Amino acid sequence: MEKIKSIEELRKLREHARKSLQVRSGEAKVKIMVSMGTVGIAAGARDVLMAIISELEKRQFHDAQIVERGSLGLDNEEPVVAVERDNKTVFYGKVTAEMAREIVAQHVINGQIVSEWVIAKG
Amino acid sequence: MKIYRIHALICAGAQCIAAGGNGFEEALKNELKKHNIEEEVSVVETGCMGACQLGPLLVVYPEGIMYTNVEAKDAKEIVEEHFLKGRPVKRLMWKKEGEEEFPELKDIPFFAKQTKIVLRNCGLINPEDINEYIARDGYKALAKAVAEMEPKDVIDVVKESGLRGRGGAGFPTGLKWSFAANQDSEEKYIICNADEGDPGAYMDRSILEGDPHSVIEGMMITGYAIGSSVGYIYVRAEYPLAVRRLKMAIKQAKQAGLLGKNIFGTNFSFDMVLMMGAGAFVCGEETALINSIEGKRGEPRKKPPFPAISGLFGKPTIINNVETLANLPVIVDKGAKFFKQFGTEKSPGTKVFALAGNVNISGLVEVPMGTSLRKIVFDIGGGIPEGHTFKGALTGGPSGGVIPMEFIDTPVDYESLPDLGTIMGSGGLIIMDERSCMVDVAKFFLKFTVDESCGKCVPCREGTRQMLKILERITLGRGREEDIDRLEKMGELIKLTALCGLGQTAPNPVLSTLKYFKEEYLAHIIDKKCPAGVCQFSALKEGRKKHEAKIAH
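Scoring rules and cut-offs
Residues numbered from 1 in each chain as written. Chains lettered and ligands numbered in written order. Predicted model: local features only at pLDDT ≥ 70, side-chain atom pairs only at ≥ 80, totals over all residues. Heavy atoms only, no water. Helix = DSSP H or I, 4+ residues; strand = E, 2+ residues; numbered from the N terminus. Buried < 20%, exposed > 50% of the residue type's maximum accessible area, 1.4 Å probe, protein only. Rg over C-alpha atoms; globule rule 2.2 N^0.38 Å. Contact = heavy atoms within 4.5 Å. Pairing = 2+ DSSP bridges. Axes fitted to C-alpha atoms, helices over the stretch in contact; angles between N-to-C directions. Domains from an automatic or database assignment. Buried area = accessible area lost by both parts, 1.4 Å probe. Salt bridge = Lys/Arg side-chain N within 4 Å of Asp/Glu carboxyl O. Polar contact = N/O pair within 3.5 Å; in protein donor to acceptor, adjacent residues only side chain to side chain. Nonpolar A, V, L, I, M, F, W, Y, C, P; charged D, E, K, R; others polar. Phe/Tyr/Trp six-rings, centres within 6.5 Å; stacked < 30°, edge-to-face > 60°. Lys NZ or Arg CZ within 6 Å of the ring centre and 35° of its normal.

1. Comments concerning the overall build of chain A
On a plain count of helices and strands, chain A comes out with four helices and five strands. Each helix (α) and strand (β) of chain A, taken in turn from the N terminus, gives the series α-β-α-α-β-β-β-α-β. A principal-axis box enclosing the C-alpha atoms of chain A has dimensions of 55 × 25 × 25 Å. Burial status across chain A gives 44% buried among its 122 residues.

In structure tokens:
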């Protein structure tokens, strides 16, 4: 590790390090919920989940919580991903890894709902 | 920076490791590998979370779900159900018997009713990663002190905060510092007293294991305040995990340039030496500790001169306890006012207690000073095991005394406890119910001090031994009526005449049990009965036979 030579450097390191502990605060600006029932997993929810994580990492966005949950019953639309942001929840259906990356970039980070893939509002 | 979906924090305090925490961690990692989700889940070994009785503990974030008593065989279920399908494993979650709902971590009374200042990071961060300490405002207070404050300002803040030594005596920390700061000496020393020796007490160990950097930062702040550039940590050799984590923390702080020469580009330099304890209880006494570091026999010195004037190698030395030091970064960073909002006027801040004995949830708790014993035992500790009644609580270990039921609402602080004939001590809190014999308890602690007396002064070496003989006699049913009077007289005399704190406080367990449970002593002496059924008078005859055989031999 590099030596910390000034208070400014300590502050920068703190800001940076704080992000990695964000998950443990239990709070986040955005909540991403992936349905991971048997049907969801069979439809490829795991790939979707991995794509979401890697896209968040690529863009260094730490203010998101990823929650796995059971099926909503909308088996026809699996994998289903729900994004909760600004007190609004939006459901996306038949999400693929590529779509998931797009959703992260547009909706999760910038707040622009990708309306063409939306199946329901929460 | 890597993003993890789940943070799984495993308690890796010594207790939990002893309870089998190690096996679980391995099993968990194997399961993660099997399901190929190693990249999504970060497994972190963290410090003691406090609820030691329910350990090993696992906390899963972001939900903040706590699993108790996890075993290697549970790993599969946790990974497959919770991590993969998002369904927490209910049978392993923290739950009170008969309760239907599963509380969130912050709603569990054991945690909700605590106030964490000293233990702010324990159980939340990885103690082996300096970055996680820095993320939680680590070394911010040191930066503030060396860059923005004069040493005198630092002392003033600590004085203003009212912080008192957490090792037991409760001497105002800022005042002690000012004695050493006023000394005109090229060399001065800081010593961290981590020779925690009270039976049943493990506050300091948990801090060192769970958040070693907070102690290092506290020492450096102290060093800056009094003008010292060398710190010694005197730690029990019986705490291998604490030693390992301290070594690692010192190394990381040095690599980060936070420990060494010209810290933050200022003129302040600080170096640290880790010393293993010599294995004797008396070495926790500050002057004996100094002797031990100097390579001499661990015997106390006469005071005055106090160490702040002439201590290690004859130089001004400040000795602070682990918990005291861990408070300092918070005080310097957030100010005296913040600190004073906790606790009482004369005893501000919080105190960590190691709750043990006959209580439902034993473990480590941190509460504001002045919290009543009732709250600690019944609200946080979950009360006394079913079917039994509270009899007394022993504070201060072998130097302290018993608080009986009638005083259970007394606020626990530095002023109220001495009025009851006990002391705050370093934080050992042993809860007893009607199954405990008070004479036996007094004997146990006196036996401890007799064993640990260094033998330098007569009152402690001979006096405590004679008191122990009387107690042994009483518990064997051979007590005499004048024994009570004799114990009281000897106890008072030893308190007045012993050289160091060990001897001066050694009679406390006897005197305080005599004060509140005299009838129990009388039952032993006159009725030849032990009301609690602990003392075995039948051993009397056999003991005598043995004794006679020994003489004949």
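2. Remarks on the overall build of chain B
The number of helices and strands found in chain B is 22 helices and 13 strands. In terms of C-alpha radius of gyration, chain B reaches 25 Å, essentially the compact-globule figure of 24 Å for 553 residues. Principal-axis analysis of the C-alpha atoms places the extent of chain B at approximately 75 × 65 × 50 Å. The 553 residues of chain B split such that 59% are buried.

3. Quick look at the environment of B:V359
Residue and element names in this part refer to chain B. Mapped onto the elements, V359 comes out in the loop between β9 (350-357) and β10 (363-368). Given the relative accessible area of 4%, V359 is considered buried. As a C-alpha pair, V359 and A145 span 214 residues in sequence and 42 Å in three-dimensional space. Residue contacts for V359: discarding those within four places in its chain leaves Q53, V377, G381, G383, P385 and I431.

4. Some words on the sheet that holds strand β5 (residues 118-121) of chain A
Residues and elements named next belong to chain A. Overall, mixed pairing links the five strands, which are arranged β2-β1-β3-β4-β5 in an open sheet. Both edges of this open sheet fall to β2 (64-69) and β5, since each of them pairs with a single strand only. Between one strand axis and the next, the sheet turns by 20 degrees as a mean value, whatever way the strands run. Relative to β5, strand β4 (residues 88-92) runs antiparallel, the two sharing three bridges. Looking at the pairing, F91 lines up with A120 of β5. Sitting on the sheet, helix α4 (residues 97-109) is in contact with β1 (30-35), β2, β3 (81-85) and β4, with an inclination near 25 degrees to β3.

5. Here's the deal with the domain arrangement of chain B
All names here are of chain B. Partitioning chain B into structural domains gives domain 1 (6-108), domain 2 (130-340), domain 3 (350-436) and domain 4 (439-546). Each side of the interface is counted separately: domain 3 has 20 residues, and domain 4 has 16 residues. Summing both sides of the interface, domain 3 and domain 4 together bury roughly 1300 Å²; the carbon and sulfur share of this comes to 66%. The largest per-residue losses of area from domain 3 upon contact with domain 4 belong to K391, P398 and V402, which jointly make up 36% of the total buried on that side. Linking domain 3 with domain 4 are one salt bridge. Linking K391 and E520 is a salt bridge whose minimum nitrogen-to-oxygen distance equals 3.0 Å. Linking domain 3 with domain 4 are five residue pairs in polar contact (both at pLDDT 80 or more). Broken down by secondary-structure element, the contributors of at least two residues to the side of domain 3 that touches domain 4 are β11 (390-395), β12 (401-404) and β13 (428-433). The leading source of residues in the side of domain 3 that touches domain 4 is β12, at three residues. Of the residues contributing to the side of domain 3 that touches domain 4, the split by class is nine nonpolar, six polar and five charged.

6. Describing the packing of aromatic side chains
Each aromatic ring pair is characterised by the separation of its centres together with the angle its planes make. Residue and element names in this part refer to chain B. Per the stated rule, a full pass over the model turns up 12 aromatic pairs over all chains. Measuring from centroid to centroid gives 6.4 Å for F171 and F179, while their planes differ by 45 degrees, and the two rings are tilted. Of the residues examined, F179 reaches a relative accessible area of 36% and is grouped as partly exposed. Taken together, the aromatic side chains of Y189, Y232 and F313 make up a single cluster linked through ring pairs. Across the ring face of F353, the terminal group of K351 is positioned such that the distance to the ring centre comes to 5.8 Å. The ring of F517 has K391 sitting right over it, with the charged end atom 5.8 Å from the ring centre.

7. Remarks on the sheet that holds strand β6 (residues 230-235) of chain B
All names here are of chain B. If you trace the four strands from one edge of the open sheet to the other, you get β7-β6-β5-β8, paired in parallel fashion. Either end of the sheet is taken by a strand with one partner, and the two such strands are β7 (271-276) and β8 (317-321). Recorded for the sheet is a direction-independent mean angle of 20 degrees between the axes of neighbouring strands. Here strand β5 (residues 189-194) pairs with β6 via six bridges, running parallel.

8. Concerning the interface of chain B and chain A
The partner chain A presents 34 residues to the 40 residues of chain B that form the contact. Taking both partners together, chain B and chain A bury about 3200 Å²; carbon and sulfur atoms supply 63% of that area. Three residues, B:M1, B:I3 and B:R5, lead the burial of chain B against chain A; their summed loss comes to 24% of the area buried on that side. Here chain B is connected to chain A by four salt bridges. For B:D137, the salt bridge is made with A:R14, and the minimal N-O distance between the two is 3.7 Å. Where chain B packs against chain A, one counts 10 residue pairs in polar contact (both at pLDDT 80 or more).

9. Some remarks on the pattern of salt bridges
Residues and elements named next belong to chain B. For the structure on display, the rule yields 42 salt bridges over all chains. E81 is the salt-bridge partner of R87, the closest N and O atoms lying 3.1 Å from each other. In this structure R87 comes out as partly exposed when scored by relative accessible area, which is 42%. Its relative accessible area of 23% is what places E81 among the partly exposed residues.

10. Things to note about the pairing of β3(A)
Residue and element names in this part refer to chain A. The buried count for β3 comes to four of five residues, which makes it a mostly enclosed element. Sheet topology note: the β1/β3 ladder contains four bridges and is antiparallel. Note on β3: the bridge partner recorded for K31 is E84. Counting the residues in the hairpin turn of β3 and β4 gives two residues, including D86, whose phi is positive at 50 degrees.

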